[in-house]
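Residue-level structural notes
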Amino acid sequence: MSHSITTMPDWGYLTTELVSYLQADAMAVTLAGMHTIEHEYNAQYIARHYQYQLPLGKLQLLELTLYLPYDTESVDIEAVRMTAVKSVLTWYKSLSSQDGDNALAGYEAMIFDIQLVGGSSSLNQDDNDDSAKHSNSALQRLKHNFGVRYFLEDLVVDMSESMQQLQVFSWDDWYSIAAAVRTPCELWRFLAYHLEQLHQSAVNHIPSFESEDALVERFLQSPDLFAPAIVVDNALIKNEVQDEPNSALVAITLAYKNQSSTSQMYHQHMMQAATIWSQLSMQMIDTYGKNHVTSSDEQTETPLAHWQQQLLDESLFSRHELIRTLYKHPKQSAALQKDGYVVHQHSYESLGRHYVLVFYGQESKGPNSKAAVQPKLAKIAQDVATRLPIIELHHVVVLGIDFITENNESFFDIDLWIQPVDAMTQRERQLTKQMQKLKQQELDKQNTPPASSVEGSKPTKAQKEKLPQVQMSLTIPARKDKQ
């Protein structure tokens, strides 16, 4: 192994997003066998265990950082690396035996970071402060990677075992993956894909393994990426929330299946949308934290992470559709922009999460202006919750959008209301449909449109809120590229 040094690239927003899914503070881990490494190679290690409850399941992540003197020989680095991985595998087996059946409930991964310490001949073994340990030493991160061959031939690990496997990544590979997949949902699915590839290589006795970068690229270019969105899309049609398949979903899926030239364009659009939605969500939660909302019923605080997760629990395609809807506004007719309008958008990750984008009218004193509609966002959310014929409905997210142009620059000022709702039973759904049908007939007789009508929504039942609502305001720049 050569001393290939990696640099710090831009990892995107996923690593920041993961913080909202952390279940508890990181726990320090003591690994058997590492004391020998510290003694023989004048090294130090830090191991921390994290548990994340991602949208699709539980992720247990062990971060192991090993500090070695810069003049450590390559053969010694490889020996230390193998010993460290074996120590982690031993720890992991012990952890899995303690968890029992829970060991199969999620994914387990390890991030192995090797840092070479220069400018000092020895490390201060007695200093427990991470920042002080190497304050006088220059740190250089070693670039390395793992693959099927490493586990089959060097560690002799049975990758064909039915039990869950610990997936091991170098620091550089892990954060490259995070930068590529962009969302917690896609990270989870990539771990499933990665583990499947490891097992297939082992079963087929083909120890070769393409780079993690190539593997994640193949994962992101597969039409299977849109399978969850197609499931939601079909369910929306079945529930009569929409009449036909989403044309954008059909076009993108076909482009990926046919590997057409437009698939790369769609990929770039989804990457851009994922980043913009992440920025938007972070600003929302930042404003929420400043406004500090508590429950008036139970006098208990709703964690910031809960509200952030409602926004971040969206896949690449789901974020693409939300941002695409937002940026369609400048292309709408002048009359529509002047009067204001409402668009009902769906989450394509969770059938039970729905969005209402209320584009305020431009007349300051008009009936659909920001001043007139903003105080009614909670009522709109509750009204939509009563009109959506979906048993699984759990949250309605209302965005009040004011498109502003100042000094030749355009931006959106956005108000947010999150409305938690209880799920319906099938019987409640049938009764609600009957009641809403009667109400609609009465409204038709009066020739009066229903209040807070929403594009694409259908009526159902009033649903009781379980958690406090959130309201806030934020500003983001308008994107200038075409989509």
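Residues numbered from 1 in each chain as written. Predicted model: local features only at pLDDT ≥ 70, side-chain atom pairs only at ≥ 80, totals over all residues. Heavy atoms only, no water.

**Considerations on the overall build of the protein chain**
Secondary structure summary: the protein chain contains 17 helices and 11 strands in total. A separation threshold of at least 6 residues defines the contact pool for the protein chain, and within that pool the share at least 24 residues apart is 75%. Here the protein chain displays about 23000 Å² of accessible surface, and carbon together with sulfur accounts for 49% of that area. (Helix = DSSP H or I, 4+ residues; strand = E, 2+ residues; numbered from the N terminus. Contact = heavy atoms within 4.5 Å. Areas by Shrake-Rupley, 256 points an atom, 1.4 Å probe, with all protein chains shown as cover.)

**Focus: the pairing of strand β10 (residues 409-420)**
Most of β10 is tucked away, with 10 of its 12 residues classed as buried. One ladder, built from 12 bridges, connects strand β9 (residues 395-406) with β10; its direction is antiparallel. For L399, the partnering residue across the bridge sits in β10 and is L416. Here β9 folds back onto β10 in antiparallel fashion, the turn holding 2 residues, of which N407 has a positive phi close to 50°. (Buried < 20%, exposed > 50% of the residue type's maximum accessible area, 1.4 Å probe, protein only. Pairing = 2+ DSSP bridges.)

**A look at unusual backbone geometry**
Despite not being glycine, N407 shows a phi value in the positive range, around 50°. One can find N407 in the loop between β9 and β10. We note that N408 has phi near 65°; this positive angle belongs to a residue other than glycine. On the secondary structure map, N408 appears in the loop between β9 and β10.

**Description of helix α10 (residues 247-257)**
All of the buried residues along α10 are A248, L249, I252, T253, A255 and Y256. Down the axis, α10 shows its buried residues gathered within 160° of arc, on one side only. Among the exposed residues of α10, those pointing more than 90 degrees away from its buried face are S247 and K257. The N-terminus of α10 is capped by N246, whose side-chain oxygen sits 2.8 Å from the backbone nitrogen of A248. (Arc of directions from axis to C-beta. Polar contact = N/O pair within 3.5 Å; in protein donor to acceptor, adjacent residues only side chain to side chain.)

**Let's talk about the packing of aromatic side chains**
In total, this model carries 15 aromatic pairs according to the counting rule given. With 5.5 Å between their ring centres and 85° between their planes, Y327 and F412 make a pair best called edge-to-face. On the criterion of sequence distance, the pair formed by Y327 in helix α13 (residues 316-327) and F412 in strand β10 is long-range, its members being 85 residues apart. By relative accessible area, Y327 is classed as buried at 11%. Judged by its relative accessible area of 0%, F412 falls in the buried class. Their ring planes at 15° and their centres at 4.7 Å tell us that Y341 and F359 sit as a pair that is stacked. In this pair, Y341 sits in strand β7 (residues 341-346) while F359 sits in strand β8 (residues 353-359), placing the two residues 18 residues apart along the sequence. Here Y341 and F359 have matching classes, each one buried. (Phe/Tyr/Trp six-rings, centres within 6.5 Å; stacked < 30°, edge-to-face > 60°.)

**Focus on the packing of helix α6 (residues 171-181) against helix α7 (residues 184-203)**
Interaxial distance between α6 and α7 falls to 9 Å at its minimum, and their mutual angle equals 125°. Viewed along their axes, α6 and α7 adopt a mutual orientation that is oblique. Relative to α7, the crossing made by α6 is right-handed. In contact with W174, I177 and V181 of α6, α7 contributes E186, L187, F190 and L191. When the residues that make up the contact of α6 with α7 are grouped by side-chain class, the tally is 6 nonpolar, no polar and 1 charged. (Axes fitted to C-alpha atoms, helices over the stretch in contact; angles between N-to-C directions. Parallel < 35°, antiparallel > 145°, perpendicular 65-115°, else oblique. Left-handed = near helix turned anticlockwise from the far one by under 90°. Nonpolar A, V, L, I, M, F, W, Y, C, P; charged D, E, K, R; others polar.)

**Concerning the nonpolar core**
Residues W174, V396 and V398 are the most contacted members of the largest nonpolar core, which totals 69 residues. Setting aside residues no more than four positions away along its own chain, W174 makes contact with L61, A109, I111, F169, L187 and L191. Ranked by size, the runner-up nonpolar core spans 31 residues in total, among them A47, L64, L89 and L142. (Core = buried A, V, L, I, M, F, W, Y, C linked by side-chain atoms within 4.5 Å.)

**Some words on the confidence of the model for the protein chain**
Regions with low pLDDT should not have their predicted coordinates read in detail. On average, the protein chain scores 80 in pLDDT, and the residues at 70 or more come to 76%. Confidence drops under a pLDDT of 50 for residues 131-136, and excluding neighbours within four residues, the segment shows 12 contacts in the predicted structure. Predicted confidence is poor over residues 472-483, with pLDDT under 50, and the contacts of this stretch with residues over four places away or in other chains come to 49 contacts. (pLDDT = per-residue confidence, 0-100.)

**Comments concerning the pattern of salt bridges**
According to the stated counting rule, one finds 12 salt bridges in the structure shown. Taking the shortest distance from any N to any O, the salt bridge between R189 and E186 comes out at 3.0 Å. Of the two residues, R189 and E186 both sit in helix α7, 3 residues apart, roughly one turn of that helix. An identical accessibility class is assigned to R189 and E186; each is buried. Among the ionic pairs, R189 bridges to E349, the shortest N-O distance being 2.7 Å. Note that R189 is positioned in helix α7 and E349 in the loop between β7 and β8, a separation of 160 residues in sequence. With a relative accessible area of 16%, R189 lands in the buried category. With relative accessibility at 15%, the residue E349 sits in the buried group. (Salt bridge = Lys/Arg side-chain N within 4 Å of Asp/Glu carboxyl O.)

**Quick notes on the pairing of strand β3 (residues 57-69)**
As a general feature of sheets, a regular strand has side chains that alternate between the two faces. Where burial is concerned, most of β3 is hidden: 11 out of the 13 residues are buried. When strand β2 (residues 44-54) meets β3, the two strands line up antiparallel, connected through 11 bridges. Opposite Y45, over in β3, you have L66 as the bridge partner. Taking the residues that link successive antiparallel strands as the turn, the β2-β3 hairpin has 2 residues. In this sheet, strand β4 (residues 106-118) lies alongside β3 in parallel orientation, the contact comprising 12 bridges. Opposite L66, over in β4, you have I114 as the bridge partner.

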